[in-house]
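Spelled out, the chains give:
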Amino acid sequence: SVSHRDDKLYALVTSFAAVSLILFSTPTSPYGQPRNVICGHLISATTGVVLDYMKPEMMPQWVMNAFAPAFAIFLMTYTGLMHPPAAACCTIYVSGDARIKNLGFLYVLFPVMSNTLMMTGLALVINNLSEARKYPLFW
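Predicted, not measured: the structure shown is a model, and the values here were computed from it.

Enquirer: What's the story with the nonpolar core in this structure? I'm lost.
Expert: Nonpolar side chains tend to gather and get buried jointly when the protein is soluble and globular. One finds Leu-12, Val-19, Leu-23, Ala-45, Cys-89, Tyr-107 and Val-112 to be the most contacted residues of the largest nonpolar core, which totals 18 residues. At six residues, helix 6 (residues 106-127) tops the list of elements feeding residues into this core. Ignoring sequence-local partners within four residues, the contact set of Leu-23 consists of Gly-32, Val-37, Met-119, Thr-120, Ala-123, Asn-127 and Tyr-135.

Right, dumping it as C-alpha cells:
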C-alpha cells in the first residue's frame, strides 16, 4: 500500500496549499494576482524541467535541488512575475522520482498549469462574490 508520505505527487498538492492561502486569504497581495500566479508557475515548472534535462552527470543531486529553485526565483524576480509558492514546482520536479520525471514537459501542463488555472479561476469567482473584495487588482 502507498501512504501519502511515499507519494511524490503529495508534495505538489501541498505546495498548492500555499497558493490557496495567497489567492483566498490575501487576494490583494501582488504575489496573488493572476499574472504573477500563472506566469510564476510557468517559469518555475519550465525551469525545473529544462535544468533537469541539462544537468551534468557530475553534478550532485543536492546541488541541483538548491540551484534549480534559486534560478527559478531569479527568473521570476527578473521578469517581475514573482509568486513564491511557484518555486516549489521546480523543486518537486528536480528532486522527484521517475514517475514525475517521466512526465517531462507534460509536467508543466499537467499538473502544474492545469491546477494553477483552475485555482486562479476559482479565485476570480469566489473573491468577487463579496462586494467588499475586488480581485484581481491588476492582470
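We are not done yet, so read on.
Enquirer: Teacher, can you tell me more about helix 4 (residues 87-94) here?
Expert: For an α-helix the count is 3.6 residues per turn, leaving residues at separations of three or four pointing the same way. Burial runs high along helix 4: six of the eight residues are buried. Taken residue by residue, helix 4 has Ala-87, Cys-89, Cys-90, Ile-92, Tyr-93 and Val-94 as its buried positions.

Enquirer: Would you mind going over the side chain of His-83 with me for this structure?
Expert: Within the secondary structure, His-83 sits in the loop between helix 3 (61-79) and helix 4. From its side chain, His-83 meets the backbone oxygen of Tyr-31 in a polar contact 2.6 Å long. The residues contacting His-83, other than those within four sequence positions of it, are Val-19, Ile-22, Tyr-31, Asn-36, Val-37, Gly-40, His-41 and Met-76.

Enquirer: Please explain the packing of aromatic side chains as it appears in this structure.
Expert: Here a ring pair, both rings aromatic, is described through the centre-centre distance and the interplanar angle of the planes. Evaluation of the coordinates by the stated rule reveals five aromatic pairs. Ring geometry for Tyr-53 against Phe-105: centres 5.6 Å apart, planes inclined by 25°, an arrangement best described as stacked. Placement of Tyr-53 in helix 2 (residues 34-54) and of Phe-105 in the loop between helix 5 (98-101) and helix 6 is noted, with a sequence separation of 52 residues between them. A relative accessible area of 53% means that Tyr-53 is categorised as exposed. Taking 5.0 Å as the distance between ring centres and 50° as the angle between the ring planes, the aromatic pair formed by Tyr-93 and Tyr-107 counts as tilted. A residue pair is termed long-range when its members are at least 10 positions apart, and Tyr-93 in helix 4 and Tyr-107 in helix 6 qualify at 14 residues. For the pair Tyr-93 and Tyr-107, one class covers both residues: buried.

Enquirer: How do you make sense of the state of the cysteines when you look at a structure like this?
Expert: The bond known as a disulfide is covalent and runs between the sulfur atoms of two cysteines. Following the criterion strictly, the structure yields zero disulfides and no others. You can see Cys-89 has no disulfide; the closest cysteine sulfur is in Cys-90, sitting 8.7 Å from it. Under the relative-accessibility criterion, Cys-89 is labelled buried at 0%. Note on Cys-90: relative accessible area 0%, which makes it buried.

Cut-offs used in this document
Residues numbered from 1 in each chain as written. Predicted model: local features only at pLDDT ≥ 70, side-chain atom pairs only at ≥ 80, totals over all residues. Heavy atoms only, no water. Core = buried A, V, L, I, M, F, W, Y, C linked by side-chain atoms within 4.5 Å. Buried < 20%, exposed > 50% of the residue type's maximum accessible area, 1.4 Å probe, protein only. Helix = DSSP H or I, 4+ residues; strand = E, 2+ residues; numbered from the N terminus. Contact = heavy atoms within 4.5 Å. Polar contact = N/O pair within 3.5 Å; in protein donor to acceptor, adjacent residues only side chain to side chain. Phe/Tyr/Trp six-rings, centres within 6.5 Å; stacked < 30°, edge-to-face > 60°. Disulfide = S-S within 2.5 Å.

Read these as layout, nothing more, since geometry by itself doesn't imply function.
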